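# Inside the fold
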Amino acid sequence: MSATLPNLNIARHRGLLIAVGAFVVVSVLLQTLSRGGLTYFDLSFLSAGGAPLAIAAIGETLVILSGGFDLSAAAVVSLTNVFLAAYMPDTPMGQVLFPILALGIGGLVGAVNGLFVGFLRLPAIVVTLATMFIVQGITLLVMSQPGGSIPGGFISLLSGDTITGVLPTPIVVVLAMLGVWWLIKHSRLGLSIYAIGSDASAAQSTGINERWARFWTFVLAGVMYAAAGVFISAQTGSGDPHIGAPMLLQLFTAVVLGGTLLGGGRGGALGSVLGAYVIQMTANVLLVLNVSPYYTTVAESVILLLAVLATTLSSDSQAMGYLRYSTLKIGRYWRGTRPLRRSRADTALPNDFGGHVAAERQSFSLADLWTRHGDQLRFVMPAYVLFAGLLAITFVMFAHRAGVFGYVDSLLVLTSFLAILGLGQGLVILTGGLDLSLPWNIAASGILLTQIVHGSNEIALWGIPAVLIFGSLAGLLNGVGVAILGISPIVVTLAMNGLLQGFALVLTGGAPQGWTAPFLQTFMTGEFLGVTPVIWFLIAFVAAATLLLTRTTFGRQIYAVGNSESVARLSGVSVGRTLIAAYTVSGLCAALAGVLLTGFNGQAFNGMGDPYLLSSIAVVVVGGTLITGGRGHYLGILGGALALTALDTLLAGTMLSDSVKSIVYGCVVLAAVLALRERA
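Quick look at the structure, then. (Residues numbered from 1 in each chain as written. Predicted model: local features only at pLDDT ≥ 70, side-chain atom pairs only at ≥ 80, totals over all residues. Heavy atoms only, no water.)

## Description of the overall build of the chain
- Across its full length, the chain holds 28 helices and two strands.
- Here the chain, with 680 residues, has 52% of them falling under the buried criterion.
- Of the contacts formed within the chain by residues at least 6 apart in sequence, a portion of 80% connects residues at least 24 apart.
- On the chain, roughly 29400 Å² of surface is accessible, and the fraction owed to carbon and sulfur atoms is 67%. (Helix = DSSP H or I, 4+ residues; strand = E, 2+ residues; numbered from the N terminus. Buried < 20%, exposed > 50% of the residue type's maximum accessible area, 1.4 Å probe, protein only. Contact = heavy atoms within 4.5 Å. Areas by Shrake-Rupley, 256 points an atom, 1.4 Å probe, with all protein chains shown as cover.)

Here it is as structure tokens:
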């Protein structure tokens, strides 16, 4: 027994040990590469550069330890930065009061997240994604372009030395935050965070109030994000509404590299702080080696994936289990002893309307339509009711400008992007996952196409299939990471998004060039049989997508996996293959949307897929699909695409800014999830 205890202790702290090892290795490497070694100025610079990420990582660690995810962290950093740059006066009282107000803003955002997650029982992923866009919209309302200023005295206070030439202030600040973490960890709240992260049901049975624990976890996390924003404001001396954007990938990388287990219950902030500084120093190593900064996101993504594998790969991990299963299966095939496959009729699975694939075809009757499909229709119809209402308002306000037919034609063209993305994202969500790699899969596919084609129809004949294969391959890798390696869909797809971003930036040197094929522009903006050609494609796509989910074995397997992976596996469903296929289709849809966007715009550009992340999730949620998987219908997703496109068109007609649109989109998603939660 005594021989096993040290092994168990080492296994429990393996992640922290990896973080310490990585920190030492990168420090030695940086010391070796630096001419004359690292000076006090270099150490001060490194400590200041990594401090904002380290502080924000402590907040993210709190949320992940409780079993959640917080995608709003980077947006809170940006909001507090522009708030201070825009409003903090150059007075002693102002330099004390306004940072406190900034911390309060972060706590308020965390309270909103905690209310929806803790008390209203909404999924943390979709809640924090929606609040991320709402906070981004508010940030742009405060300051749409970089500007403003931070008082010099405040800058000196946080960016100078606590002991001149000996101890930089950033190190003191980070140590103080770790002290706060120590107090939280050894409090009743800290115990509750670890308990609900390990097993929420067991925690509740011991008397822990899960709702309040989650609420205060998000509040404290929001304060930490705001503290990072305060610190980064002192570093930059000005405001930038996008300053926090690169931190989202870095935050998850730091937390995972620090040994905190995704899913909760194990880890700590010390490892996350070390992970943050490893990321900071890695960027400096690349800089010293004169490597293009475009490789930074690639390096961060690779570090994230390797960190996850290093902390989760063990004899009882999903990857090793899959390896043992594959070995056993290959052995059975080799020996000719594999079990016979049952007939399709024997393995029939529930379809998306909650019925079963009957041995005999049932006759269609309008009378029993609601009886048979009422539950599903209740979730599908609200999207179309919303669409009809928005359509009526738009016709009253703006239809006279282009005519009803012209408006409908334009609406369907714009809907085509979301209808395509909705299928891919919908398949992933139906399995219980989420695809965050869509933005740069769209952009990278579009950029790759224009780089290949350069306005040539002939090259486009093979260029478009090649790009679609490229996008599908990205989705395939996502699926392998989720299904075989057992990595969280959030982490895998976020890392893939970073890899695709790095690929696009390296490919183009940061400045995409080239034009799309002329026939693609005609396809998206021309006319065929009285309407834009893409509308005919949209009709065929909707029919194919509906049949895919309702009339194929693959569609039924998607619903089975989303309802229960274990039950689906016992029913003979190849869960791994189904998950990989779902993510592959999502990648294909993203690439297809990128191709069509190049035809619509004439060219491709960096970030052209960014507006479609929340939109792709919103159409699925508004269309009645359960965000945790297992329930939904493509016709509902189509209704969500129509409704949100109509909403976007209506907002565009009112000349409201993009910041307001971002806020409205986030509110719509929250409202949709809230309205459907009791029927989930």
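Back to the text.
## Here's the deal with empty space enclosed by the protein
- Using the criterion set out here, one finds one cavity of 30 Å³ or more in the structure.
- Looking at the largest cavity, its volume works out to about 40 Å³.
- Every residue along the wall of the largest cavity is listed here: Ile-279, Thr-282, Ala-283, Leu-286, Thr-296, Ala-299, Glu-300 and Ile-303.
- Elements with a contribution of two residues or more to the lining of the largest cavity: helix H13 (269–288) and helix H14 (296–312).
- Along the lines of polarity and charge, the residues of the lining of the largest cavity split into five nonpolar, two polar and one charged. (1 Å grid on protein atoms, 1.4 Å probe; cavity = no way out; pocket = protein on both sides within 12 Å on 5 of 7 lines; lining within 4 Å. Points joined across faces, edges and corners; volume = space filled by probe spheres on them. Nonpolar A, V, L, I, M, F, W, Y, C, P; charged D, E, K, R; others polar.)

## Observations concerning the packing of aromatic side chains
- Applying the stated rule across the entire model yields 15 aromatic pairs.
- Between Phe-395 and Tyr-407 the ring centres are 5.4 Å apart and the planes differ by 75°, which places this aromatic pair in the edge-to-face class. One end of the pair, Phe-395, is in helix H16 (residues 369–402); the other, Tyr-407, is in helix H17 (residues 404–430), and 12 residues separate them in sequence.
- Overall, the relative accessible area of 11% leaves Tyr-407 in the buried class. (Phe/Tyr/Trp six-rings, centres within 6.5 Å; stacked < 30°, edge-to-face > 60°.)

## Brief notes about the pattern of salt bridges
- A complete count under the given rule lists two salt bridges for this structure.
- With its nearest N and O atoms 3.3 Å apart, the salt bridge here joins Glu-210 to Arg-121. Separated by 89 residues along the polypeptide, Glu-210 in helix H11 (residues 210–236) and Arg-121 in the loop between helix H5 (92–119) and helix H6 (124–142) bring together distant segments of the chain.
- The exposure class assigned to Glu-210 is buried, which follows from its relative accessible area of 8%.
- In the salt-bridge network here, residues are joined through shared partners; they are Arg-121, Glu-210 and Arg-214. (Salt bridge = Lys/Arg side-chain N within 4 Å of Asp/Glu carboxyl O.)

## So, the packing of helix H3 (residues 40–65) against helix H12 (residues 247–257)
- Between H3 and H12, whose axes approach to 9 Å, the crossing angle comes to 65°. Taken as axis vectors, H3 and H12 run roughly perpendicular relative to one another. Crossing hand, H3 versus H12: right-handed. For the pair formed by H3 and H12, the contact residues are Pro-52, Leu-53, Ala-56, Ala-57, Glu-60, Thr-61 and Ile-64 on the first element and Met-247, Gln-250, Leu-251, Phe-252, Ala-254 and Val-255 on the second.
- For the contact of H3 with H12, a count of residues per class yields 10 nonpolar, two polar and one charged. (Axes fitted to C-alpha atoms, helices over the stretch in contact; angles between N-to-C directions. Parallel < 35°, antiparallel > 145°, perpendicular 65-115°, else oblique. Left-handed = near helix turned anticlockwise from the far one by under 90°.)

## Regarding unusual backbone geometry
- In this model, His-454 sits at a positive phi of 55°, which is unusual for a non-glycine residue.
- Looking at the secondary structure, you find His-454 in the loop between helix H18 (438–453) and helix H19 (457–483).
- Of note in this structure, Leu-529 is not a glycine but carries a positive phi near 55°.
- Checked against the element boundaries, Leu-529 lands in the loop between helix H21 (518–525) and helix H22 (533–550).

## Focus on a nonpolar patch on the surface
- There is a patch of nonpolar side chains on the surface, built from Phe-528, Leu-529, Trp-536 and Ile-539 and spanning about 440 Å² of accessible area.
- On the accessibility criterion, Leu-529 (65% relative accessible area) is exposed. (Patch = residues over 30% accessible without salt bridge, like charges linked within 9 Å, V, L, I, M, F, W, Y side chains within 5 Å.)

## Concerning the packing of helix H4 (residues 73–87) against H6
- Orientation of H4 relative to H6, taken along the N-to-C sense of each, is 20°, at an axis distance of 9 Å. What the angle tells us is that H4 and H6 run roughly parallel. The handedness of the crossing between H4 and H6 is left-handed. Note on element contacts: H6 touches H4 through Met-132, Val-135, Gln-136, Ile-138, Thr-139 and Val-142, opposite Ala-75, Val-76, Ser-78, Leu-79, Val-82, Phe-83, Ala-86 and Tyr-87.
- Of the residues assigned to the contact of H4 with H6, the class counts are 11 nonpolar, three polar and no charged.

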